[in-house]
Amino acid sequence: MHSKRIKLLKIMEKSRNGYLLAIESSCDDSSAAIFKGRQLLSNIISSQLDHRDLGGVVPELASRKHLENIQPVVEQALKKAGIGKSELKAIAYTQGPGLLGSLLVGAGYAKGLALSHQLPLIGIHHMEAHVLAHFIEDPHPRYPFLCLLVSGGHTQLVIMHDAFEMEVVGKTIDDAAGEAFDKTGKILGLPYPAGPEIDRLAQKGKARFKFTTPSVDGLNFSFSGLKTSILYFLRDEKKKNPDFIEQNLTDICASVQKTIVDYLLLQLEKAMEQYGLDRVAIAGGVSANSELRRRVQGLKNIGAEVFILPMKYCVDNAGMIGMAGVFKWEKEMYTTLDAPVFTK
Ligand code: KG4
Ligand code: ZN
């Protein structure tokens, strides 16, 4: 048999049965996961709570915390999977986008391990990984499918033609959906990240306040106008009643959430129609939002095939990095030790 083919078969064999370690450190979560072939064995996340009362992620603090957390999360992931470092056959890590200092900690750790254990290194695009989280468990979507990718740093509509063929057909021109939640939460005096808290409070409230729905041509998004609209609304109401926020918090949250979700659905449905796609998925931290999940589920009523992730795969986690890593490993798509991280 041709030697190149034998080599490829050996790699296929390893990626089908071998152990892969994945590392995620793009923002404020340090996470490590172990895959055996395409099966996820462990997925450990250490979330930094240090930013809660600081109004957002403080980059310098985040990278210091990653330095403390990275080794323990890797040890825990290995332990839970029941293997030792010497049994690893490949390493995947988040190459970007994300915070420079945070990315460098994960990348440095992955590279050190790859070098010392002579293992193939696989750099992963964080946003691609959010979408590929859909392949960790069954049922997963068939290609092509449309995905609404909503996180703290990104809001995109993408068509997945294949694992690594991601066509961006719409994106935010300013803030991301997660930022819209987080910045509104800051105005309301909620801790960071405010998305989950707004979601929780909204469940007890009524969406009775109206905010200006952002309008942007085509499939792009804009959230900065919404933030201003909320800010002015609260300023005017507080002039009349200084306790307006405290007295109406759940209704304000329900109204903000409804405005954001209405807008996301509007653009998603527009994209489905424009591209004739009725297979839709949502991914990224904001896809944990209960209202968004409910409304996207509702698309089944118009004949769509809908894919919504278990909560644990919505937010940043190394499991999604590992899934993307396994797909790249199978294709021998490796990264060199001198590859830089990227922030955008
Ligand atoms: O994907 P992710 O964990 O990190 C990034 O890659 O950015 O997303 C984090 C974002 C934050 O803005 C957070 O507020 C938002 O996801 N988020 C939510 C919910 N859970 C997390 N937003 C709304 N509702 C939620 N339940
Ligand atoms: Zn993310």
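Residues numbered from 1 in each chain as written. Chains lettered and ligands numbered in written order. Predicted model: local features only at pLDDT ≥ 70, side-chain atom pairs only at ≥ 80, totals over all residues. Heavy atoms only, no water.

A. Representation of the site of ligand 1. Around ligand 1 sit 19 residues, and of these Gly152, Asp182, Asp199, Gly285 and Asn289 come closest. One nitrogen or oxygen atom from the side chain of His126 is found 3.2 Å from an oxygen atom belonging to ligand 1. Within the backbone of Gly153, a nitrogen or oxygen atom sits 3.4 Å from an oxygen atom of ligand 1. Relative to its free-state accessible area of 550 Å², ligand 1 is covered by the protein chains to the extent of 89%. When contributions to the shell around ligand 1 are tallied by element, the ones reaching two or more residues are helix H4 (126-132), helix H5 (177-187) and helix H6 (195-202). (Near = heavy atom within 4 Å. Polar contact = N/O pair within 3.5 Å; in protein donor to acceptor, adjacent residues only side chain to side chain. Areas by Shrake-Rupley, 256 points an atom, 1.4 Å probe, with all protein chains shown as cover. Helix = DSSP H or I, 4+ residues; strand = E, 2+ residues; numbered from the N terminus.)

B. Highlighting the packing of aromatic side chains. This structure, assessed with the given rule, holds eleven aromatic pairs. Considering the side-chain rings of Phe135 and Tyr143, the 5.5 Å spacing of their centres and the 20° angle between planes classify their relative orientation as stacked. Judged by its relative accessible area of 11%, Phe135 is buried. With relative accessibility at 26%, the residue Tyr143 sits in the partly exposed group. Residues Phe233 and Phe244 carry aromatic rings whose centres are separated by 5.7 Å and whose planes lie at 75° to one another, so their mutual orientation is edge-to-face. Residue Phe233 is located in helix H7 (residues 224-240), and its partner Phe244 is located in helix H8 (residues 244-275); the two are separated by eleven residues in the primary sequence. Neither residue differs from the other here; Phe233 and Phe244 are each classed as buried. Its end group placed over the ring of Tyr232, Arg235 keeps NZ or CZ at 4.6 Å from the ring centre. (Phe/Tyr/Trp six-rings, centres within 6.5 Å; stacked < 30°, edge-to-face > 60°. Buried < 20%, exposed > 50% of the residue type's maximum accessible area, 1.4 Å probe, protein only. Lys NZ or Arg CZ within 6 Å of the ring centre and 35° of its normal.)

C. Representation of the layout of surface pockets in the model. Its boundaries defined by the atoms lining it, the largest pocket holds a volume of some 1,500 Å³. Along the walls of the largest pocket sit 46 residues, with Cys27, Ser151, Gly152, Asp182 and Tyr192 positioned nearest its centre. With six residues, the single largest contributor to the lining of the largest pocket is H5. Each residue belonging to the lining of the largest pocket can be placed in one class, and the counts come to 16 nonpolar, 19 polar and eleven charged. Lining of the second largest pocket is provided by 14 residues; of these, Arg38, Phe135, Met323, Phe327 and Glu330 occupy positions nearest its centre. Looking at which domains feed residues into the lining of the second largest pocket, each of domain 1 (2-132 + 316-330) and domain 2 (141-309) gives three or more. (1 Å grid on protein atoms, 1.4 Å probe; cavity = no way out; pocket = protein on both sides within 12 Å on 5 of 7 lines; lining within 4 Å. Points joined across faces, edges and corners; volume = space filled by probe spheres on them. Nonpolar A, V, L, I, M, F, W, Y, C, P; charged D, E, K, R; others polar. Domains from an automatic or database assignment.)

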